[in-house]
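# Examination of the molecular architecture
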Amino acid sequence: MAAEGRSPRARYREQNRAEIKAAALQQLAEGGVQAVALTRIAKDMGLSGPALYRYFAGRDDLLGELIRDAYDEVARTVEGVGAVPADGARATLHALADAYRSWAFAQPHRYLLIQGTPVPGYAAPPDTLLRARAVLGPFLKVFAEGVPTTALRPVVDEMDAWVRKDDGVADWLAQHTGLAPHDEAAGAALAGTVLTWSQLHGTVSLEVSGQYAGMGHRAQTLLTAQIDLLADSFQL
C-alpha cells in the first residue's frame, strides 16, 4: 500500500537509488571500497555525472547508505534468532554468534565495509553507532541472565560506570533488557556483550580476510570454543 501511495516520480527516484546502490555493491565485491566510483556507475546506468548527484551527494553519501543497509541487515539477521528459552541462554548465545558469522561469511564485502579497515578521510554517519548497537542488542538480553566470575569483576565494574554516565548506553540497555543503569545485572549484560563482540570481531574478521588459511583449525570450531568459554565465565 505504501508503494502504491507514492507518486511515479518518487517511485522512479527510489528505483534509481536502489540501482545505484546495487552497482556500488557490485564494485565493492569486485575490488573493495576503493573500487566504488560514481563516475563508472553513472556511465553504466547511462546517466551523466550531474544526474547521479541528484540521488547521492557524493561517494561518501553513497557509502553511508551502504553502511546503514549492511548494519540494518545484519541486525535483522541476529534478531531473527530470537530467544530460545527451552535450550537455555548458552544455546541462544551460540545461535546469535553463528548467525552473525554466517552473514559475514556469505557477504564478506559488506562485512568488511562496516568492520574492515576504515576508509581514509571518511566519517561514518552519526546514526551508524545506533545501528551497530542494534546488532549487539540481543546479546545484552542473554548476558543479563549471567553471573560473572570474580575474574571478570574489573570489566563489570567499568561497564557499571559506563552505563551510569552515558544516557545512550542506558537507553540501549533498557531497550533490549528492561534493565535500569543501577540494576545489578546491568554491568554483567554489558560486559558479556562487549567481550563477545571482541571475540566475534576478531575471529570473523580474520576468517573473512583469509588469515586462517593453511592453519590447522576451522574458524567455526574456534568461535564455538570461545563462546563456550564466555558462557562459562558468566555461568550460562
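Residues numbered from 1 in each chain as written. Predicted model: local features only at pLDDT ≥ 70, side-chain atom pairs only at ≥ 80, totals over all residues. Heavy atoms only, no water.

### Details of the nonpolar core
Stated precisely, the cut-off is as follows: Buried residues of nine kinds, namely Ala, Val, Leu, Ile, Met, Phe, Trp, Tyr and Cys, make up a nonpolar core once their side-chain atoms join them within 4.5 Å. Here the term buried applies to any residue with accessible area under 20% of the maximum for its type, exposed to any over 50%, and partly exposed to those in between, with areas from a 1.4 Å probe on protein chains only. Each helix corresponds to a stretch of at least 4 residues labelled H or I by DSSP, and each strand to a stretch of at least 2 residues labelled E; elements are numbered beginning at the N terminus.
With 61 residues, the main nonpolar core has Ile 20, Leu 62, Tyr 100, Leu 173 and Leu 190 as its most contacted residues. With 9 residues, the single largest contributor to this core is helix H5 (residues 59-79).

### Concerning the packing of helix H2 (residues 8-31) against helix H7 (residues 108-115)
The test is simple: Orientation is described by axes fitted as lines to C-alpha atoms, over the contacting stretch for helices, and by angles from 0 to 180 degrees between their N-to-C directions. Angular relationships are summarised with four words: roughly parallel below 35 degrees, roughly antiparallel beyond 145, roughly perpendicular across 65 to 115, and oblique for the angles in between. By the convention used here, residues are in contact when the closest approach between their heavy atoms is within 4.5 Å. Each residue is assigned to one class: nonpolar for Ala, Val, Leu, Ile, Met, Phe, Trp, Tyr, Cys and Pro, charged for Asp, Glu, Lys and Arg, and polar for all the others, Gly among them.
With their axes 9 Å apart at the nearest point, H2 and H7 run at an angle of 90° to one another. The angle between the axes of H2 and H7 places the two elements in the roughly perpendicular class. On the side of H2, the interface is formed by Leu 25, Leu 28 and Ala 29, while H7 contributes His 109, Arg 110 and Leu 113. Across the contact of H2 with H7, the residue classes tally to 4 nonpolar, 1 polar and 1 charged.

### Overview of the pattern of salt bridges
Selection rule: Definition used for salt bridges: Asp or Glu carboxyl oxygen within 4 Å of a side-chain nitrogen of Lys or Arg.
In total, this model carries 14 salt bridges according to the counting rule given. Between Lys 21 and Glu 65 there is a salt bridge, with the nearest N and O atoms lying 3.8 Å from each other. Residue Lys 21 is found in helix H2, and its partner Glu 65 is found in helix H5; the two are separated by 44 residues along the sequence. Residue classification places Lys 21 among the buried residues on the basis of a relative accessible area of 17%. Taking relative accessible area as the criterion, Glu 65 reaches 17% and is therefore assigned buried. When salt bridges with common partners are traced through the structure, they connect Arg 17, Lys 21, Glu 65, Arg 68, Asp 69, Asp 72, Asp 127 and Arg 131 into a single cluster.

### Details of the confidence of the model for the chain
Under the convention used in this document: pLDDT is a per-residue confidence score from the predictor, ranging from 0 to 100.
Across the chain, pLDDT averages 89, with 96% of residues at or above 70. No element of the chain has a lower mean pLDDT than helix H1 (residues 2-5), at 56, and none a higher one than helix H9 (residues 153-165), at 97.

### Regarding the environment of Val 81
Looking at the secondary structure, you find Val 81 in the loop between H5 and helix H6 (88-106). Sequence separation between Val 81 and Pro 138 is 57 residues, and the spatial gap between their C-alpha atoms is 8.8 Å. Not counting residues up to four positions away in its chain, the partners in contact with Val 81 are Ala 95, Leu 96 and Ala 99.

### Points about the packing of aromatic side chains
Selection criterion: Each Phe, Tyr or Trp ring (for Trp, its six-membered ring) is paired with any other whose centre lies within 6.5 Å, and the angle between the two planes then decides the class: stacked below 30 degrees, edge-to-face above 60, tilted in between. Geometrically, a lysine NZ or arginine CZ counts as sitting over a ring once it is within 6 Å of the ring centre and also within 35 degrees of the ring normal.
The full count for this structure, using the stated rule, is 3 aromatic pairs. Between Tyr 100 and Tyr 111, the ring centres sit 6.1 Å apart and the planes meet at 85°, which makes this aromatic pair edge-to-face. Of this pair, Tyr 100 sits in helix H6 while Tyr 111 is found in helix H7, placing the two residues 11 residues apart along the sequence. You'll find Tyr 100 and Tyr 111 in the same group, each marked buried. Their ring planes at 70° and their centres at 4.9 Å tell us that Phe 143 and Phe 234 sit as a pair that is edge-to-face. Residue Phe 143 is located in helix H8 (residues 128-143), and its partner Phe 234 is located in the segment after helix H12 (219-233); the two are separated by 91 residues in the primary sequence. Classification of Phe 143 as buried rests on a relative accessible area of 0%. In this structure an aromatic cluster arises from ring pairing among Tyr 100, Tyr 111 and Trp 197. We note Arg 101 situated over the ring of Phe 105; from NZ or CZ to the ring centre the distance is 5.5 Å.

### Structural notes on the side chain of Ser 205
The topology assignment puts Ser 205 in helix H11 (residues 184-208). Overall, the relative accessible area of 15% leaves Ser 205 in the buried class. Dropping the residues within four chain positions of it, Ser 205 is found in contact with Tyr 111, Gln 115 and Leu 200.

### Re the environment of Glu 73
Worth spelling out the cut-off: For the purposes of these results, a polar contact is taken to be a pair of N or O atoms within 3.5 Å, where, inside protein, one atom must be able to donate a hydrogen and its partner to accept one; residues adjacent in sequence count only when each atom of the pair is a side-chain atom.
With respect to the element layout, Glu 73 can be found in helix H5. Separated by 112 residues in the primary sequence, Glu 73 and Ala 185 place their C-alpha atoms 29 Å from one another. Residue contacts for Glu 73: discarding those within four places in its chain leaves Trp 103, Gln 107 and Arg 110. In this structure the side chain of Glu 73 is engaged in a polar contact, spanning 2.7 Å, whose partner is the side chain of Gln 107.

### Concerning unusual backbone geometry
Negative phi characterises most residues that are not glycine, and trans characterises most peptide bonds. Even without a glycine there, the phi angle at Gln 235 is positive, about 55°. Take Gln 235: it is sitting in the segment after H12.

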